[in-house]
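# Tertiary structure, described
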Amino acid sequence: MFYAILGQDAPNSMEKRLSVRPAHMARVTVLQEQGRLLTAGPLCAQDIPDPLAAGFAGSLIIAEFDSLEEAQDWARQDPYSVEGVFSDILVRPFVKLFPQ
């Protein structure tokens, strides 16, 4: 089953986010290589023409796991969680309806 992992960035965590990004990206890349990643990307801090310039508010990862507990464990072990980039993590089962 797919699970949506929504990580909310802690205030003033941009420097830390950038420093641990390579390790975070490596873990997400493993999901992709295993064919388990549906989508992933940052949540932008502002709705402006160049949203990446304003920084980030968090991240969304939708990937396949065997159980909710496995998805939660994966999220807790992510470098963004371990290093305090994320102040909060929400993990929920996700059903992909579209595109078909």
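Here, every reference points to the structure presented above.
Another point: the packing of aromatic side chains. Applying the stated criterion across every chain, the model contains three aromatic pairs. Here the aromatic rings of Y80 and F86 are separated by 5.4 Å at their centres, their planes lie at 80 degrees, and the arrangement is edge-to-face. Grouping residues by exposure puts Y80 and F86 together as buried. An aromatic cluster is built from Y3, F65 and W74, whose rings are joined through pairwise contacts. Between R27 and the ring centre of W74, over which it is positioned, the NZ or CZ distance is 4.2 Å.

Turning to the pattern of salt bridges, a few remarks are in order. Tallied over the full model, the rule gives four salt bridges. Across the pair R17 and D9 runs a salt bridge whose closest N-O atoms are separated by 2.9 Å. Across this residue pair, the class does not change: R17 and D9 are buried. Its salt-bridge partner being R36, residue E70 comes within 3.4 Å of it at the nearest N-O pair. Placement of the pair is E70 in helix 2 (residues 68–77) and R36 in the loop between helix 1 (14–33) and strand 2 (37–44), with a sequence separation of 34 residues. According to the relative accessible area criterion, E70 is partly exposed, its value standing at 28%.

Right, let's get into the nonpolar core. By size, the foremost hydrophobic cluster in this structure holds 11 residues: Y3, I5, V28, L31, I61, A63, F65, A71, W74, A75 and V91. Counting only elements with at least two residues in this core, the list comes to strand 1 (2–9), helix 1, strand 3 (56–64) and helix 2. Per-element tally for this core: the top contributor is helix 2, with three residues. Contacts of A71, omitting those with residues within four sequence positions, involve Y3, I5, F65 and V91.

Calculation rules
Residues numbered from 1 in each chain as written. Predicted model: local features only at pLDDT ≥ 70, side-chain atom pairs only at ≥ 80, totals over all residues. Heavy atoms only, no water. Phe/Tyr/Trp six-rings, centres within 6.5 Å; stacked < 30°, edge-to-face > 60°. Buried < 20%, exposed > 50% of the residue type's maximum accessible area, 1.4 Å probe, protein only. Lys NZ or Arg CZ within 6 Å of the ring centre and 35° of its normal. Salt bridge = Lys/Arg side-chain N within 4 Å of Asp/Glu carboxyl O. Helix = DSSP H or I, 4+ residues; strand = E, 2+ residues; numbered from the N terminus. Core = buried A, V, L, I, M, F, W, Y, C linked by side-chain atoms within 4.5 Å. Contact = heavy atoms within 4.5 Å.

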